[in-house]
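# Notes for the structure review
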Amino acid sequence: APDGVDLEGFDIDMSKEVARDRIGLPLGKKIVMYAGHLFEWKGADTLLQVAKTYNLQPTTYNLFFVFVGGTEYDAEKFRQKARDMDLKNVLILGHKPHKDIPFFLKAADVLVLPNSAKEEISKSYTSPLKMFEYMASGRPIVASDLPSLREVLNENNAVFVKPDDPESLTEGIKKIFNKAGLGDRISQQARSDVENYTWQKRAQNILHKATYLIF
């Protein structure tokens, strides 16, 4: 059974500007955000490589890359990577209380799910909580094209890219900004689709399957 989301917690009525003001993110930039752990199989390093590309072209799209989450140890290692790459367009915030995550997601222009294909847990078995939270937030999603994510996502509610491929991820992000109406269309569809993935629906589905197996 896939994981789920508390819709009331993440489907908040708040504009991008208000959300950014609340959590202290810049208003004059397009924000590409990753929220979650910084384990290698989560693919955040691939997004950091994308940030490096835009760091060399600071006027292109005026993108700012925000990473939310990770243990203190992992976040500091990740910050060191960004320092070693001399990135000026990256903000690595580390762990934030879960109650604040809806505001961060609302503050983004694009939410990225860059899971790696190098480990089987990521390729075939994960059911990321952030995927459902992304969907509920009403912001467009760019995701690695993996069987585990395609259990829920499709071309109507996300933009797919090759996993572990910074160039493909770059193109996927640019697609959101370049193709008129795409971001609104896929984010609205994702918000509609996530209605089927509440925790209540998950419990009902598990009970239904259990009853079927018993009888």
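Below or above, wherever it landed, is the structure these notes cover. Here the structure is a predicted model, which means the values were calculated and not measured.

Turning next to the overall build of the protein chain. When you go through the protein chain residue by residue, the secondary structure sums to 11 helices and 6 strands. Here the protein chain has a C-alpha radius of gyration of 17 Å; the compact-globule value for 215 residues is 17 Å, and the two agree. Among the 215 residues that make up the protein chain, the fraction classed as buried is 48%. Residue pairs at least 24 apart in sequence account for 74% of intrachain contacts in the protein chain once pairs closer than 6 positions are excluded.

Taken together, the 6 strands give an open sheet; going across it, the order is S3-S2-S1-S4-S5-S6, and neighbouring strands pair in parallel fashion. Because the sheet does not close on itself, it has two edges, and the strands there are strand S3 (90–94) and strand S6 (159–161). In this sheet, neighbouring strand axes are inclined to one another by 25° on average, regardless of whether the strands run parallel or antiparallel. Set on the sheet, helix H4 (residues 72–84) makes contact with strand S2 (63–68) and S3; between it and S3 the angle comes to about 170°. Sitting on the sheet, helix H7 (residues 129–137) is in contact with strand S1 (30–35), strand S4 (110–113) and strand S5 (141–144), with an inclination near 165° to S4.

Each value, and the rule that gives it
- Residues numbered from 1 in each chain as written.
- Predicted model: local features only at pLDDT ≥ 70, side-chain atom pairs only at ≥ 80, totals over all residues.
- Heavy atoms only, no water.
- Helix = DSSP H or I, 4+ residues; strand = E, 2+ residues; numbered from the N terminus.
- Rg over C-alpha atoms; globule rule 2.2 N^0.38 Å.
- Buried < 20%, exposed > 50% of the residue type's maximum accessible area, 1.4 Å probe, protein only.
- Contact = heavy atoms within 4.5 Å.
- Pairing = 2+ DSSP bridges.
- Axes fitted to C-alpha atoms, helices over the stretch in contact; angles between N-to-C directions.

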